[in-house]
Amino acid sequence: YVEQLKGKTAQFTVKVNQVAEPKLPAVDAEFAKSLGVEDGDIARMREEIRENIGREVKKRIQARVKDQVMAGLTAAASFEVPRSLLEGEIARMNEAALQDLRNRGMTAGKEVQLPREIFEGRARQRVTLGLLVSELVRRNDLGARPEQVRKVIEEHAESFEQPAEMVRWFYGQPERMAEVEAIVMEDNVVEWSLGKMQVEDTATPFEELMGTKKA
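Now for a description of the structure that goes with this document. (Residues numbered from 1 in each chain as written. Predicted model: local features only at pLDDT ≥ 70, side-chain atom pairs only at ≥ 80, totals over all residues. Heavy atoms only, no water.)

### Side note on the overall build of the protein chain
Keep this limit in mind: Helix numbering and strand numbering both begin at the N terminus, where a helix is a DSSP run of H or I of at least 4 residues and a strand a DSSP run of E of at least 2. For the radius of gyration, the atoms used are the C-alpha atoms, and the globule rule reads 2.2 Å times the number of residues raised to 0.38. Relative accessibility decides the category of a residue: with a 1.4 Å probe and only protein chains considered, values under 20% of the type maximum give buried, values over 50% give exposed, and everything between is partly exposed. In what follows, residue pairs with any heavy atoms lying within 4.5 Å of each other are defined as contacts. The Shrake-Rupley method, run with a 1.4 Å probe sphere, supplies the accessible areas, and residue values consider only the shown protein chains as cover.
Helix and strand counts for the protein chain stand at 9 helices and 0 strands. Secondary structure of the protein chain in N-to-C order comes out as α-α-α-α-α-α-α-α-α. Taken over C-alpha atoms, the radius of gyration comes to 25 Å for the protein chain, far larger than the 17 Å a tight globule of 215 residues would show. Reported as C-alpha extents along the three principal axes, the dimensions of the protein chain are approximately 70 × 60 × 40 Å. Relative to its 215 residues, the protein chain shows a buried fraction of 20%. Counting contacts in the protein chain only where the partners sit at least 6 residues apart, residues at least 24 apart contribute 65% of the total. Of the roughly 17,000 Å² of accessible surface on the protein chain, a fraction of 53% belongs to carbon and sulfur atoms.

Listed below in structure tokens is the structure:
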């Protein structure tokens, strides 16, 4: 039937069965309970929402500043990265891309190799940044300190219903602890770098920061 209709003008009759629009719920005790405030206290609900938004804003600002600092460090680097490290990173990025294709249901056997040019630029940046961060940490004693790690874990745990349980979970997971220590180390590098760089503060609209700005 598709071939018979190709190139021809078609007319359709559409029947509208329903027209609807979203309706905001009333901000009352029941609404507060639905958001986890057991006693339905609206003031407490508003305060919790405000605190959650504050934490998210802080997190996004820190992430944006970190990205800018790391980009600045990479751009200022003048050394050539070791070939072996570059090839190793390209291979890891290639395998990650192939695994992503497999996860999406696409056929991509291990014998498939994507063009290295796809990854070389980003791989060079990653290796350069990794070497820079390691050297800055070594020279300036910027490793993660236990009290810093504890603070990051506790701040993360605040968004959960049982923060103490989440803190204990982190300390019982070596891989997760290593991830937190790496984050703290990067934060130390960012703080140290900001003290050496020319910094200019710029205002960012809330919608843009949160990724809700309409195109």
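That covers the picture; the talk isn't over yet.
### Thoughts on helix α5 (residues 117-140)
Under the convention used in this document: To estimate the expected span of a helix, subtract one from its residue number and multiply by 1.5 Å.
Taking 1.5 Å of rise per residue, 24 residues should cover 34 Å, and α5 covers 35 Å from first to last C-alpha, within 8% of that figure. Among all positions in α5, only F119, A123, V127, T128, L132, V133, L136 and V137 are buried. Close packing links the buried residues of α5 with α3 (42-76), α4 (83-103) and α8 (174-194). Looking one or two places after α5, you find D141, whose phi comes out positive at around 55 degrees.

### Topic: a nonpolar patch on the surface
To be explicit about the condition: Surface patches are defined over residues having more than 30% relative accessible area and no salt bridge, joining like charges when they lie within 9 Å and nonpolar side chains (Val, Leu, Ile, Met, Phe, Trp, Tyr) when within 5 Å. One side-chain nitrogen of Lys or Arg within 4 Å of one carboxyl oxygen of Asp or Glu is enough to make a salt bridge.
A grouping of F12, V14, V16 and V19 is seen on the molecular surface, where their side chains present a nonpolar patch of about 530 Å² in accessible area. Examined against the element boundaries, V14 turns out to sit in the loop between α1 (2-5) and α2 (29-34). With a relative accessible area of 69%, V14 lands in the exposed category.

### Things to note about unusual backbone geometry
In this model, D141 sits at a positive phi of 55 degrees, which is unusual for a non-glycine residue. You can see D141 is positioned in the loop between α5 and α6 (146-157). Among the residues examined, D141 registers a relative accessible area of 65% and is labelled exposed.

### Notes on the nonpolar core
Definition in use: The term nonpolar core refers to a set of buried residues drawn from Ala, Val, Leu, Ile, Met, Phe, Trp, Tyr and Cys, joined through side-chain atoms within 4.5 Å.
V69, M70, L73, L132, V133, L136, V137, L142, V189 and V190 together form the largest nonpolar core, which totals 10 residues. The set of elements that each furnish at least two residues to this core consists of α3, α5 and α8. Of the residues forming this core, the biggest block, 4 residues, is contributed by α5. Not counting chain neighbours up to four residues away, the residues in contact with L73 comprise L132, L136, V189, S193 and M197. Core analysis: the second largest hydrophobic core is formed by 9 residues, V149, I153, M166 and V180 among them.

### Section: the packing of α3 against α8
For clarity, the threshold we go by: Only the stretch in contact is used when a helix axis is fitted, and all axes are lines through C-alpha atoms; the angle between N-to-C directions ranges over 0 to 180 degrees. Angles are sorted into four bins: roughly parallel if under 35 degrees, roughly antiparallel if over 145, roughly perpendicular if 65 to 115, and oblique for all others. If you view the pair so one helix is near and one far, a crossing is left-handed when the near helix is turned anticlockwise from the far one by less than a right angle, and right-handed when it is turned clockwise. Each residue is assigned to one of three groups, with Ala, Val, Leu, Ile, Met, Phe, Trp, Tyr, Cys and Pro labelled nonpolar, Asp, Glu, Lys and Arg labelled charged, and all others, Gly among them, labelled polar.
Taken N-terminus to C-terminus, the directions of α3 and α8 make an angle of 70 degrees; their axes are 10 Å apart at the nearest point. By the angle class used here, α3 and α8 are roughly perpendicular. You can see that α3 and α8 cross each other, and the crossing is left-handed. Contact residues: V65, K66, V69, M70 and L73 in α3; I183, E186, D187, V189, V190, S193 and L194 in α8. Its residues assigned to classes, the contact of α3 with α8 comprises 8 nonpolar, 1 polar and 3 charged.

### A closer look at the environment of Q4
Mapped onto the secondary structure, Q4 falls in helix α1. A sequence separation of 131 residues divides Q4 from E135, and the C-alpha atoms of the two residues are 69 Å apart.

### Description of the packing of aromatic side chains
Definition in use: Note on aromatic contacts: the rings of Phe and Tyr and the six-membered ring of Trp form a pair at centre separations within 6.5 Å, being stacked when their planes are under 30 degrees apart, edge-to-face when over 60 apart, and tilted otherwise.
Using the criterion set out here, one finds 1 aromatic pair in the structure. Where W169 meets F170, the ring centres are 5.3 Å apart and the plane angle is 85 degrees; that geometry is what we call edge-to-face.

### Structural notes on the pattern of salt bridges
Note that side chains of opposite charge can pair when their charged atoms are close. Within the structure shown, the criterion is met by 26 salt bridges. Between E30 and K33 there is a salt bridge, and its shortest N-O distance comes to 3.9 Å. Taken together, the positions of E30 and K33, both in helix α2 and 3 residues apart, correspond to about one turn of that helix. Judged by relative accessible area, E30 falls into the exposed class, the value being 53%. Close ionic contact of R138 with E135 constitutes a salt bridge, the shortest N to O distance being 2.5 Å. Highlighted residues: R138 and E135, both in helix α5, separated by 3 residues, approximately one helical turn. Taken together, the salt bridges that share partners define one network made up of E80, R83, E87, R116, E120 and R124.

Scope: geometric values only; no functional claims are made or implied.
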